[in-house]
Amino acid sequence: MGTQDDPSRDRALRVRRRPPRTRAAVLVLHGGRAESRSAARPWQLAALRMHPFLRALEAATGRDDVLLGQVRYRNRGWNGAAEDPLRDARRALAELHGLVGDVPVVLLGHSMGGRAALRAADAGPVRGVVALAPWCPPGEPVAKLRDRALLVLHGGRDRVTDPGESAAYVTRARAAGARAGLLLENGDHAMLRHRARWHRTATAAVAHLLAPEAAPCELFARALSADGPTVLRSAPPASSDAARGPVREPGC
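Focus on the overall build of the protein chain
For step 1, the next point in the chain: Within the protein chain one finds seven helices and eight strands.
For step 2, the next point in the chain: Relative to its 252 residues, the protein chain shows a buried fraction of 56%.
For step 3, the next point in the chain: In the protein chain, the share of contacts with a sequence separation of at least 24, taken over all contacts with a separation of at least 6, comes to 71%.
For step 4, the next point in the chain: With the model as given, the accessible surface of the protein chain reaches about 10,700 Å², and the carbon-plus-sulfur share is 52%.

Some remarks on the sheet that holds strand β2 (residues 24-29)
For step 1, the next point in the chain: If you trace the eight strands from one edge of the open sheet to the other, you get β1-β3-β2-β4-β5-β6-β7-β8, paired in mixed fashion. In the strand order of this sheet, the two ends are held by β1 (13-17) and β8 (231-233), each with one partner. Neighbour to neighbour, the strand axes of the sheet diverge by 20 degrees on average, direction disregarded.
For step 2, the next point in the chain: Most of the contacts of helix α3 (residues 84-100) go to strand β3 (residues 66-71), to which it runs at about 150 degrees, and overall it touches β1, β2, β3, β4 (105-110) and β5 (126-132).
For step 3, the next point in the chain: Each of β2, β3, β4, β5, β6 (149-155) and β7 (179-185) touches helix α6 (residues 195-210); the most contacted strand, β5, lies at about 170 degrees to it.

Concerning the nonpolar core
For step 1, the next point in the chain: Judged by nonpolar contacts, the single largest core of 45 residues is most densely connected at Leu27, Leu107, Val129 and Leu150.
For step 2, the next point in the chain: Counting residues per element, this core draws most heavily on α3, which supplies five residues.
For step 3, the next point in the chain: Look past the residues within four positions of Leu150 in its chain and what remains in contact with it is Leu118, Ala121, Val129, Leu145, Tyr169, Ala173, Ala178, Arg179, Ala180, Gly181 and Leu224.
For step 4, the next point in the chain: With 28 residues, the next largest nonpolar core counts Ala24, Met50, Leu151 and Trp198 among its residues.

Let's talk about the pairing of β5
For step 1, the next point in the chain: Most of β5 sits out of view: six of its seven residues are buried.
For step 2, the next point in the chain: Relative to β5, β4 runs parallel, the two sharing six bridges. Residue pairing in the sheet places Val105 in a bridge with Val126 of β5.
For step 3, the next point in the chain: In this fold, β4 hands off to helix α4 (residues 112-119), which returns the chain to β5; that crossover is right-handed.
For step 4, the next point in the chain: Across five bridges, β5 lies against β6 in parallel orientation. The residue bridging Val130 from the neighbouring strand is Leu151, located in β6.

Focus: unusual backbone geometry
For step 1, the next point in the chain: The phi dihedral of Asp147 falls on the positive side, at around 70 degrees, and the residue is not glycine.
For step 2, the next point in the chain: Residue placement: Asp147 occurs in the loop between β5 and β6.
For step 3, the next point in the chain: Classification of Asp147 by relative accessible area gives exposed; the value is 60%.
For step 4, the next point in the chain: A positive phi angle, near 65 degrees, is found at Met191, a position not held by glycine.
For step 5, the next point in the chain: Within the secondary structure, Met191 is located in the loop between β7 and α6.

Parameters at a glance
Residues numbered from 1 in each chain as written. Predicted model: local features only at pLDDT ≥ 70, side-chain atom pairs only at ≥ 80, totals over all residues. Heavy atoms only, no water. Helix = DSSP H or I, 4+ residues; strand = E, 2+ residues; numbered from the N terminus. Buried < 20%, exposed > 50% of the residue type's maximum accessible area, 1.4 Å probe, protein only. Contact = heavy atoms within 4.5 Å. Areas by Shrake-Rupley, 256 points an atom, 1.4 Å probe, with all protein chains shown as cover. Pairing = 2+ DSSP bridges. Axes fitted to C-alpha atoms, helices over the stretch in contact; angles between N-to-C directions. Core = buried A, V, L, I, M, F, W, Y, C linked by side-chain atoms within 4.5 Å. Right-handed = clockwise from strand over helix to strand, strands pointing away.

Shown next as structure tokens:
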């Protein structure tokens, strides 16, 4: 059982690990830019930022039955109505279905990739989404998210994407029938501050969504509960969080 990669640039799915028998899959979506038609490359910072999460997922998820893959973007940007990374995510899900059939899928996305993952949550095989510091501008659609599990992790020090917009998104998603919650971390957009905790938390969230009975987690159960608070905080707030400053245009 080894790492596999289709060399064709036409493919949206890059398979990092394919077990002999696949009962579930995790797809990882990295960040990008609000506007850019330049080609996305695996050595760009936004893609490299997800490597520690991929390594953590490789170690923590079932090697015998969980496929681990990445969504390969054609362009670096969201690009307005083109919604390029969302199109790529949907293509990757279709390719995954052609490869292993109808298995439950969990999406893990950061920033722009978090937005694409949340948008793709309405796809049939998607069981849940873990979105890291996602870009959630006002008006993001939530109508088709009933019964989906959506966990957002956002840093209170983020100056690139807005944790307040994430909280508003989670509130609207709950009203639409999703099991959704936001866990506020004491971190920044790059997830470098307390990075080990980001990796552990995201990995535990994915494992919980893959198999709640096998990997139970009270924190995520509370975060996703419709009866619980919308926002949970895993660490004490930093003194500077109250004055966050302006949020910049989303980027990697």
